Amino acid sequence: MDIGYARVSTAKQDLERQVEALVEAGVARERIYLDKKSGATTDRPGLRAALAYARPGDVIVVHTLDRLGRTVRDTLNLIHELTETGVGVRNLADPIRVDSSRPEDPMAQLAVVLLALFAQMERTYTVERAAHARSVAAAKGRRIGRPTVVDPDKLAYAVHLREGGHTMADIIAKTGIARTSLYRHLPPRPPEQVTAAPQDSPLQRE
């Protein structure tokens, strides 16, 4: 089964172009999951729902691979994790076409290898830029980087607790994060539509 995923970075952007491309590629509209979230956030309910729905033999189809991850490395890691569970990934519009659902196809595997090379290049350049920035800052007697206001591990735990239905008071008691910080980092959200199907036709899978 093909399962579509489409994402835009802000609520003002339109998902329809991606959705129509997925439908044109043969993905059923009710099996296209949606997010209006920045790729920089890990809180993407549409992607979580698509991954939870996928079963061995299924394929996650995206317009371009950058819809899946924040970086090439993130995307490559996700492809690897899905492959281990028997779920493939296919893109539609990137210059490098990836189809991890066809391990017997040497060209499909070459595309994944190229992604790995790009991920390594990305890591190398990131390290080099960070080292250069630190050396320049040190030469000028400055420190670089923004101080962390909330411990990332505590914040991740707070997200886990909220998704588990805990109250704000419980989360404060368990994480030690101030209420104002929680409201800033964990704003209340209304229920989100996570598929392209009408909201009155929920789809369940055994």
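Definitions and cut-offs
Each residue is numbered by its place in its chain's sequence as written, counting from 1. Given that the model is predicted, a residue must reach a pLDDT of at least 70 before its local features are reported, and side-chain atom pairs must reach 80 or more before they are shown or counted; all residues, however, enter totals for whole chains, interfaces and linings. As a rule here, side-chain values come from all non-hydrogen atoms in the structure, and water together with hydrogens is ignored. When two rings of Phe, Tyr or Trp (its six-membered ring) have centres within 6.5 Å they constitute a pair, described as stacked for plane angles under 30 degrees, edge-to-face for angles over 60, and tilted for the intermediate range. Under the scheme used here, helices are H or I runs from DSSP no shorter than 4 residues and strands are E runs no shorter than 2 residues, and both carry numbers assigned from the N terminus. Accessible area is worked out with a 1.4 Å probe on protein chains only. A residue is then buried under 20% of its type maximum, exposed over 50%, and partly exposed in between. Residues are treated as being in contact if the distance between any of their heavy atoms lies within 4.5 Å. Any carboxyl oxygen of Asp or Glu that lies within 4 Å of a side-chain nitrogen of Lys or Arg is treated as forming a salt bridge with it. In short, DSSP must find at least two bridges between two strands for them to pair. The axes are straight lines fitted to the C-alpha atoms, using for helices just the contacting stretch, and the angles between their N-to-C directions are given from 0 to 180°. We call two N or O atoms a polar contact when they sit within 3.5 Å, provided that within protein one can donate a hydrogen and the other can accept it, with sequence-adjacent residues counted only if both atoms are side-chain atoms. In plain words, nonpolar cores are sets of buried Ala, Val, Leu, Ile, Met, Phe, Trp, Tyr and Cys residues tied together by side-chain atoms within 4.5 Å.

> So what's going on with the packing of aromatic side chains? Which residues, and what values?
Applying the stated rule across the entire model yields one aromatic pair. Where Tyr33 meets Tyr53, the ring centres are 6.1 Å apart and the plane angle is 45°; that geometry is what we call tilted. Here Tyr33, found in strand E2 (residues 32-36), pairs with Tyr53, found in helix H2 (residues 45-53); they are 20 residues apart in sequence, far enough to count as distant. Here Tyr53 falls in the buried class, since its relative accessible area comes to 8%.

> Got a sec to walk through the environment of Ala21? Specific residues and values, please.
Along the chain, the position of Ala21 falls in helix H1 (residues 16-24). Those residues in contact with Ala21 that sit more than four places away from it in its chain are His63 and Leu92.

> Got a sec to walk through the pattern of salt bridges? Specific residues and values, please.
Scanning all chains against the criterion turns up five salt bridges. Put simply, Glu16 and Arg29 hold a salt bridge, and the shortest N to O gap is 3.8 Å. One end of the pair, Glu16, is in helix H1; the other, Arg29, is in the loop between H1 and E2, with 13 residues separating them in the sequence. The exposure class assigned to Glu16 is partly exposed, which follows from its relative accessible area of 34%. Residue Arg29 pairs with Glu20 through a salt bridge whose shortest N-O separation is 2.6 Å. Residue classification places Arg29 among the partly exposed positions, given a relative accessible area of 31%.

> Quick rundown of the sheet that holds E2? Include the residues and the values.
Here four strands make up an open sheet; going across it, the order is E2-E1-E3-E4 and the pairing parallel. Every interior strand has two partners, whereas the edge strands, E2 and strand E4 (88-91), have only one. Between one strand axis and the next, the sheet turns by 25° as a mean value, whatever way the strands run. Taken together, the four bridges between strand E1 (residues 2-8) and strand E3 (residues 59-62) define a ladder with parallel strand orientation. Across the sheet, residue Ile3 finds its bridge partner in E3, namely Ile60. Sheet contacts for H2: E1, E2 and E3; angle to E2, the most-contacted strand, approximately 155°.

> How would you sum up the side chain of Arg67? Please name residues and give values.
Considering the arrangement of structural elements, one finds Arg67 in the loop between E3 and helix H3 (72-84). Overall, the relative accessible area of 15% leaves Arg67 in the buried class. Here Asp66 takes part through its side chain, which lies 3.1 Å from a polar atom of the side chain of Arg67. In this structure, Arg67 is in contact with Tyr5, Arg7, Val8, Gln18 and Arg44, ignoring residues within four places of it in sequence.

> Explain the nonpolar core residue by residue, including any values.
Formed by 20 residues in total, the largest nonpolar core has its most connected members in Ile3, Tyr5, Ile60, Leu65, Leu68 and Val89. Looking at this core, the elements that each hand over two or more residues are E1, H2, E3, H3 and helix H4 (106-139). Looking at which element gives the most residues to this core, the answer is H3, with four residues. Look past the residues within four positions of Ile60 in its chain and what remains in contact with it is Ile3, Tyr5, Ala50, Leu51, Ala54, Leu68, Leu82, Val87, Gly88, Val89 and Arg90. The next biggest cluster of nonpolar side chains, apart from the first, holds 12 residues, and it includes Val8, Val19, Val27 and Ala196.

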